[in-house]
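# Structural description and commentary
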Amino acid sequence: MEKTAEGYTTSWRINRVSRTKKEVTELVRSINIQFENLCQFLPQDKVVEFARMNEYELLVATERAVGSTSLYETHQTLIAMRAEVKQKEVTAQAQKQRLDQLKLENQQLERDYKRFNQRWKLLHRVDVMKKKIAWMHVREKQLKAKQLKEELVKADKAVAQANEEAKGDETPARRRRDDADAAKRTANDLQNAIKRKEEEARLAADKLEKDGNAVTELRERLDGLAAASQKQKAEVKQLQDKLTKVEATVESLPPVPDHSAKIQVLQQEMNNIRDQLAHLEAEKGQLADAAHNARIEHGRLAGELRQCDSLKYQRMQALVQAQRAHGLDSATDWVNRQRAADAFKGEVVGPIGLEIKVKVPDCAPYLEQAAWWQLQNFAVTHQEDANMLLAEFKRQNIRSSAVAYTGDIHAPIASNSAPYRAYGVACSLDEVYDAHPLVKHCLANLCSLDKVLVMEQHNMQAIRALMEQHHIGQVFTPQLKVSYIPSAHGGREDASIATSGLFPSRVLTGAVGADIDQRKQQLQARLAQVEASIQQLDGQVAAAQQREAPLHARLDELSGHRSQLAKETSLASTKRANLNRAYKAGQTHLAKLEARADPLAQAPGLERQIARALVAHHATLTKQIEAALKQWQLLQQHAVAELVWRELDMQAVAMQRALDSRRAAVRLLDKAARAAKQRYQLAEDEFKRAKQVAETEHPLDKATKDRFANMPNDM
């Protein structure tokens, strides 16, 4: 049997006779040949899949491989019947649980029914008690209104009696008040006469005071002139003394100090310090720029390190999704922890898909399809390490395996595609990628990548010649993959050539390979160097700042010293100028004082005015004494009249107070009566409202209503 695929067309031959695909299929089925059954036909690329088959899959494959199909069909019938029995058992168990649940619900409903009846009885009793409470409230309001009505009647009687008593005391009090008013008018007339005399005495006293003030003013003017003359002489003498002292002070002043040389020296030193500070500031700027550049480098390295982790993470996720190997990332973490703990006896590398770096990106789909079943496996150099990994993967239920290679992983791999160049071969698959030496040897051993060739153009004749003459297993072209499948019964004469399509690379993409961990280590080392450099630069900046502090302090000290010297010079110059100005102003003022006239030249006219003012003052004093005698007589008469008025007024006030007290008592009684009336009205309204509410919300029949009305008052 021979299969030939050219382009999209496939042809079949049996014993070198052309046949259709249907005839080939009937022939294969008639002789019980099952290519998909790994127990009957085991290709090299299916060995790993056969090793992963569980007990049930092996049993089914064995039943289908031996004899007729009756054994397999009987087994499937038994499986179906067993599943039906289990389903019925599950249904019966569910119905039993449902019955128990319904019984529990029925018991719960019975308890709820009893509680509902008890609640209904209690609510009926509560309704009756509410009616009783409402009508008892009405009865209390009625009794309260009746009691307040009795109090209102008593208050009205007390008010009437008090009004009658108050009317009898008004006439005597009115007559006594009239007598007191007449006595008061007499006393007021005398008081008015006294006031007129007092006004006359006040006018005389004002005139007397005015005359005295005139005399006093004239005397004060005379004294003022004498004092002014004396003061003018004293000021002239004092100003002359001051001018003498100022002149002596100016002559005794030292010369103005000249500190220009010292100030120039200080300025030179300050300029030197400023130059040093500018140099330090420039040095700080350079250090800050260097630190900034180092931080930029730190950020770039950290980003590149994160990118490496991201690329490796993406390759891992692609491998997990493509292989459906869930848990592969946790298995990788476990292997890394064991490797760090030095728990392995040899080298352990993997998963293999993370260790491959494809040098020729166009060949990534070929390499991925050729080594597809090895990408999620781990490569080891010791069989005990392989057993440990397989046990852990089985415990975690992870679809990965451990491939053991016991040879020398550092030995060169004999691969050379040069003899096949004449057939249009570009390279072999072991030449298109880089990986760990252990991965390279494992893939060469398991997948024979040195016998898997890549052709740039599809040439079926050249491919057939390569496979038949040079024993090449697989050839990849841009269109498809061509595989050479030897027969299980004979030699190479019975072998067939199969073709299959190519799929795009899903795992072996991106710059990920065995060198990415080395690159990460280099980045981490460089990152540590940059961090140390940043710390060193920050320390140098801090040291420069520390060197700046004493320079700033010295600069402040020199500036203060220079300011002090300039201040001393300015103060001396200012003091000399102020003294000169004061001396000139004193001389001007002295000339003005000496030019003034003597105030005592006006004294003779003032003495004659004082004599005339004293005569007028004596006449006014005589008139004031006569008016005082007349005023004293009127005061005696007013005192007698005021005593009579005070006595009558006190009696009238006492009688009026008694009358006011009685009237106040009447008002209090009237107020109490009005308050009692308001309380009665409020109680009456509350009674009516309570009765209306009770009749509306809690109506009673006539017999019950009469029984409430005839209840005793003290209930």
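First, a word on scope: everything that follows refers to the structure included in this document.

So, how was this worked out
Residues numbered from 1 in each chain as written. Predicted model: local features only at pLDDT ≥ 70, side-chain atom pairs only at ≥ 80, totals over all residues. Heavy atoms only, no water. Helix = DSSP H or I, 4+ residues; strand = E, 2+ residues; numbered from the N terminus. Contact = heavy atoms within 4.5 Å. Areas by Shrake-Rupley, 256 points an atom, 1.4 Å probe, with all protein chains shown as cover. Buried < 20%, exposed > 50% of the residue type's maximum accessible area, 1.4 Å probe, protein only. Lys, Arg positive; Asp, Glu negative; His and termini not counted. Salt bridge = Lys/Arg side-chain N within 4 Å of Asp/Glu carboxyl O. Polar contact = N/O pair within 3.5 Å; in protein donor to acceptor, adjacent residues only side chain to side chain. Pairing = 2+ DSSP bridges. Phe/Tyr/Trp six-rings, centres within 6.5 Å; stacked < 30°, edge-to-face > 60°. Lys NZ or Arg CZ within 6 Å of the ring centre and 35° of its normal. Axes fitted to C-alpha atoms, helices over the stretch in contact; angles between N-to-C directions. Left-handed = near helix turned anticlockwise from the far one by under 90°. Nonpolar A, V, L, I, M, F, W, Y, C, P; charged D, E, K, R; others polar. Patch = residues over 30% accessible without salt bridge, like charges linked within 9 Å, V, L, I, M, F, W, Y side chains within 5 Å. Core = buried A, V, L, I, M, F, W, Y, C linked by side-chain atoms within 4.5 Å. Disulfide = S-S within 2.5 Å.

Of the regular secondary structure elements, the protein holds 15 helices and 13 strands. The contacts of the protein with a sequence gap of at least 6 include a subset with a gap of at least 24, amounting to 73%. Just so you have it, the protein exposes about 47,300 Å², and 54% of that area is on carbon and sulfur atoms.

Below, the discussion takes up the side chain of Lys-440. Assignment of secondary structure puts Lys-440 in helix H11 (residues 437–447). At 5.2 Å, Asp-434 is the nearest oppositely charged side chain to Lys-440, a buried residue that forms no salt bridge. Among the polar contacts listed, one links the side chain of Lys-440 to the backbone oxygen of Tyr-433, at a separation of 3.2 Å. Excluding residues that lie within four positions of it along the chain, Lys-440 makes contacts with Ile-413, Asp-430, Tyr-433 and Ala-435.

This next bit is on the pairing of strand E2 (residues 9–14). Where strand E1 (residues 2–6) meets E2, five bridges bridge the pair, whose relative direction is antiparallel. When the sheet's bridge partners are listed, Thr-4 is paired in E2 with Ser-11. Looking at chain direction, E2 and strand E3 (residues 17–19) are connected through three bridges and run antiparallel. Within E3, the position partnered with Arg-13 by the bridge is Ser-18. The turn linking E2 back onto E3 is made up of two residues, and Asn-15 within it adopts a positive phi angle of 55°.

Another aspect to go through is the side chain of Thr-4. Within the fold, Thr-4 resides in strand E1. Not counting residues within four places of it along the chain, the set of residues in contact with Thr-4 comprises Thr-9, Thr-10, Ser-11 and Arg-464.

This next bit is on the packing of aromatic side chains. Applying the stated rule across the entire model yields two aromatic pairs. On the numbers, 5.4 Å between centres and 35° between planes, the contact of Phe-378 with Phe-393 is tilted. Of this pair, Phe-378 sits in strand E6 (residues 378–380) while Phe-393 sits in helix H10 (residues 383–396); the two residues are 15 residues apart in sequence, bridging distant segments of the chain. Each member of the pair, Phe-378 together with Phe-393, is buried. In this structure, Lys-440 packs its charged tip against the face of Tyr-433, placed 4.0 Å from the ring centre.

The next thing to look at is the sheet that holds E1. Where strands meet in a sheet, backbone hydrogen bonds hold them as pairs that are either parallel or antiparallel. Taken together, three strands build an open sheet; the order of strands is E1-E2-E3 and the sheet is antiparallel. In this open sheet, the two edge strands, each paired with only one partner strand, are E1 and E3. Mean inter-strand twist for the sheet, computed between neighbouring axes without regard to direction, equals 35°. Docked against the sheet, helix H1 (residues 21–30) engages E2 and E3, running at close to 50° with respect to E2.

Let us look at the pattern of salt bridges. On inspection of all chains with the given rule, the structure shows five salt bridges. For Arg-674, the salt bridge identified is with Asp-670, shortest N-O distance 2.1 Å. Of the two residues, Arg-674 and Asp-670 are both situated in helix H14 (residues 603–697); the distance of four residues between them amounts to about one turn of the helix. Arg-674 gets classed as partly exposed once you look at its relative accessible area, which sits at 44%.

Okay, the packing of helix H7 (residues 328–340) against H10 next. Put simply, H7 and H10 touch, their axes get as near as 11 Å, and they point 140° apart. For the pair H7 and H10, the crossing hand works out as right-handed. Of the residues in H10, those in contact with Ser-330, Ala-331, Trp-334 and Val-335 of H7 are Met-388, Leu-389, Glu-392, Phe-393 and Gln-396. When the residues that make up the contact of H7 with H10 are grouped by side-chain class, the tally is six nonpolar, two polar and one charged.

Looking now at the sheet that holds strand E7 (residues 402–404). Ordered in space as E4-E6-E7, the three strands form an open sheet in which the pairing is mixed. Among the strands making up the open sheet, the edge pair consists of strand E4 (348–349) and E7. Sheet topology note: the E6/E7 ladder contains three bridges and is parallel. Residue pairing across strands places Phe-378 opposite Ala-402, the latter belonging to E7.

Further remarks concern a nonpolar patch on the surface. A cluster of nonpolar side chains, Met-1, Leu-27, Ile-31 and Ile-33, forms an exposed patch at the surface whose accessible area comes to about 320 Å². Here Leu-27 shows up in helix H1. By relative accessible area, which is 34% here, Leu-27 ends up partly exposed.

In this section: the nonpolar core. Ranked by internal contacts, the top residues of the largest apolar core, which has 32 residues, are Ile-356, Leu-367, Leu-429, Tyr-433, Leu-443 and Leu-449. Contributing elements (two or more residues each) for this core: helix H9 (364–370), H11 and strand E10 (452–455). Counting residues in each nonpolar core, the second largest holds 15 residues, with Val-425, Leu-453, Ile-463 and Val-475 among its members.

Turning to the state of the cysteines, a few remarks are in order. Tallying each qualifying case throughout the model produces zero disulfides. Between Cys-363, a free cysteine, and Cys-427, which holds the nearest cysteine sulfur, the sulfur-to-sulfur gap is 4.7 Å. A relative accessible area of 6% places Cys-363 in the buried class. The closest cysteine sulfur to the non-disulfide-bonded Cys-442 is located on Cys-447, 9.7 Å from its own sulfur. Among the residues examined, Cys-442 registers a relative accessible area of 1% and is labelled buried.

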